[in-house]
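# Structural overview
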Amino acid sequence: MTYGSEIEAVIHWLIKEIFMGIKENTVSAERQTKEKSNVFYYGNEKADKKILIVGNSITYHAPKESIDWINSCGMAASCAENDYVHILVRKITSQTPADIMVVQLSGMEVAINNGSFCVKDYGQEREFAPDILIFKLGENIKLDVNKDYLKRCLSDFVGYVCKKGCAVVYSTCFWPHRVFDETVTELSRFEDAYLVSLSDLDADPENKAYGKFTHAGVAAHPGDKGMREIAERIFTAVKKRL
């Protein structure tokens, strides 16, 4: 091994140790919202265009003292105005009137993990009848999830919630998740949906909230810069259907 290759090997080891990817997400998927407080509305409820955003803690996490999280917004933005949802809502409504429903569905990830997923649990999302569905979750899905089972759950959810002609926007995970990212990539092709790639954001520590929070799992979530990147990439896909 040459001196140069030794240095390169050390660098790769350091990157692996410092940036653990999805293993950094030590925030529990359970109890991320207060009871019956997982649905939020933005925009103009009388608008013809209906947009549904479903997500997990990156979309919204209620205050939780045990992990030193005091905000009521997407983790780990410095404030609600700086999380990706609020940035995205501003971008969308600056282009067209829209009725936007945001649902925190970390519970769906838990249900997939424990085998209790049932599409009939998502009647309010179906009743909303979105014209655009933004599917921004997956980070809490078990790494060893069965791919066929996961694909069936996601496909069933989209088929149940979306009316004919609904545009679907999937995203890969903020922290790379091989099985989930492969699944939504395949679904986007099969369903002629949009795919937003986010997994590269994990590699840049500037996209996270390191040094802003004492809980390592919280700090590993996207900070303000990461939130801006997420919003911009999703908006690039969504604006094609506004």
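Position labels on residues start from 1 in each chain and follow its written sequence. Restriction of local features to residues with pLDDT of at least 70 applies here, the model being predicted, together with a cutoff of 80 or more for giving and counting side-chain atom pairs; totals for whole chains, interfaces and linings are based on all residues. Side-chain measures here rest on the full set of heavy atoms in the structure, leaving out hydrogens and waters.

### Some details on the overall build of the protein chain
Scanning the protein chain from terminus to terminus reveals 8 helices and 6 strands. For the purposes of this entry, the term helix denotes a DSSP run of H or I that reaches at least four residues, the term strand denotes a run of E that reaches at least two, and both are numbered from the N terminus. Helices and strands appear in the protein chain in the N-to-C order α-β-β-α-β-α-α-β-α-β-α-β-α-α. Only protein chains enter the accessibility calculation, which uses a 1.4 Å probe. A residue is then buried if its area is under 20% of the maximum for its type, exposed if over 50%, and partly exposed in between. In the protein chain, which comprises 242 residues, the proportion classed as buried is 50%. A total of about 11900 Å² of accessible surface is found on the protein chain, and carbon and sulfur atoms cover 51% of it. Here the Shrake-Rupley method, with its probe set to 1.4 Å, supplies the accessible areas, and only the displayed protein chains count as covering residues.

### What to know about unusual backbone geometry
Here the amide bond leading from methionine 75 into alanine 76 is cis, since omega sits at 10 degrees, within 30 degrees of zero. For alanine 76, the position within the fold is in the loop between strand 2 (50-55) and helix 2 (84-93). Even without being a glycine, aspartate 192 presents a positive backbone phi close to 55 degrees. The topology assignment puts aspartate 192 in the loop between helix 6 (178-190) and strand 6 (194-196).

### Some points on the pattern of salt bridges
Put simply, a salt bridge is a Lys or Arg side-chain nitrogen that is within 4 Å of an Asp or Glu carboxyl oxygen. Summed over all chains, the structure comprises 12 salt bridges. For the salt bridge of aspartate 99 with lysine 50, the shortest nitrogen-to-oxygen distance reads 3.1 Å. Of the two residues, aspartate 99 is situated in strand 3 (residues 99-104) and lysine 50 in strand 2; the sequence distance between them amounts to 49 residues. Notably, a salt bridge pairs aspartate 131 with lysine 163, separated by 3.0 Å at the nearest N-O pair. You can see aspartate 131 sitting in the loop between helix 4 (123-128) and strand 4 (132-136) and its partner lysine 163 sitting in the loop between helix 5 (147-161) and strand 5 (167-171), a full 32 residues away along the chain.

### Some words on helix 3 (residues 106-114)
One turn of an α-helix holds 3.6 residues; hence residues three or four places apart share an orientation. Within helix 3, the full set of buried residues consists of Ser106, Met108, Glu109, Ala111, Ile112 and Asn113. Any two residues whose heavy atoms approach within 4.5 Å at even a single point are treated as in contact. For helix 3, the secondary structure elements touched by its buried residues are strand 2, strand 3, strand 4 and helix 5. Just downstream of helix 3 lies glycine 115, where phi reads positive at about 80 degrees.

### Considerations on the sheet that holds strand 5
Read across the open sheet, the 6 strands follow the order 1-3-2-4-5-6; overall the sheet is mixed. Each end of this open sheet is capped by a strand with a single partner; those strands are strand 1 (39-43) and strand 6. Strand after strand, the sheet turns through a mean of 20 degrees between neighbouring axes, direction not considered. Paired strands are those between which DSSP finds at least two bridges. Two strands pair when backbone bridges link them, and strand 2 and strand 4 are joined in this way by 5 bridges, in the parallel orientation. Along strand 4, the bridge assignment pairs isoleucine 51 with isoleucine 132. As a rule, the C-alpha atoms of each element are fitted with a line to give its axis, helices using only the stretch in contact, and angles between N-to-C directions run from 0 to 180 degrees.

### Let's talk about the packing of helix 3 against helix 5
Running from N to C, helix 3 and helix 5 point in directions that differ by 140 degrees, and their axes come no closer than 10 Å. It follows that helix 3 is oblique to helix 5 by the angle criterion. The interaxial crossing formed by helix 3 with helix 5 has right-handed handedness. Contact residues: helix 3 offers Met108, Ala111 and Ile112, while helix 5 offers Tyr149, Leu150, Cys153, Leu154 and Phe157. Each residue receives one of three labels: charged for Asp, Glu, Lys and Arg, nonpolar for Ala, Val, Leu, Ile, Met, Phe, Trp, Tyr, Cys and Pro, and polar for the others, Gly being one of them. In terms of residue class, the contact of helix 3 with helix 5 is built from 8 nonpolar, no polar and no charged. Here the word oblique covers every angle except those under 35 degrees (roughly parallel), over 145 (roughly antiparallel) and from 65 to 115 (roughly perpendicular). By the definition used in this description, the sense in which the near helix is turned from the far one sets the handedness, with an anticlockwise turn below a right angle giving left-handed and a clockwise turn giving right-handed.

### Some words on the environment of leucine 150
Its place among the elements puts leucine 150 in helix 5. For leucine 150, a relative accessible area of 0% gives the class buried. Separated by 33 residues in the primary sequence, leucine 150 and threonine 183 have C-alpha atoms spaced 7.5 Å apart. Each residue touching leucine 150, except ones within four places of it in the same chain, is listed here: Ile112, Ile141, Val145, Val179, Phe180 and Thr183.

### Observations regarding the pairing of strand 5
Strand 5 sits mainly inside the fold: 5 of its 5 residues count as buried. Both faces of strand 5 are covered, namely the face carrying Ala167, Val169 and Ser171 and the face carrying Val168 and Tyr170. As paired strands, strand 4 and strand 5 are joined by 4 bridges and run parallel to one another. Each bridged residue has a counterpart across the sheet, and for phenylalanine 135 the counterpart in strand 5 is tyrosine 170.

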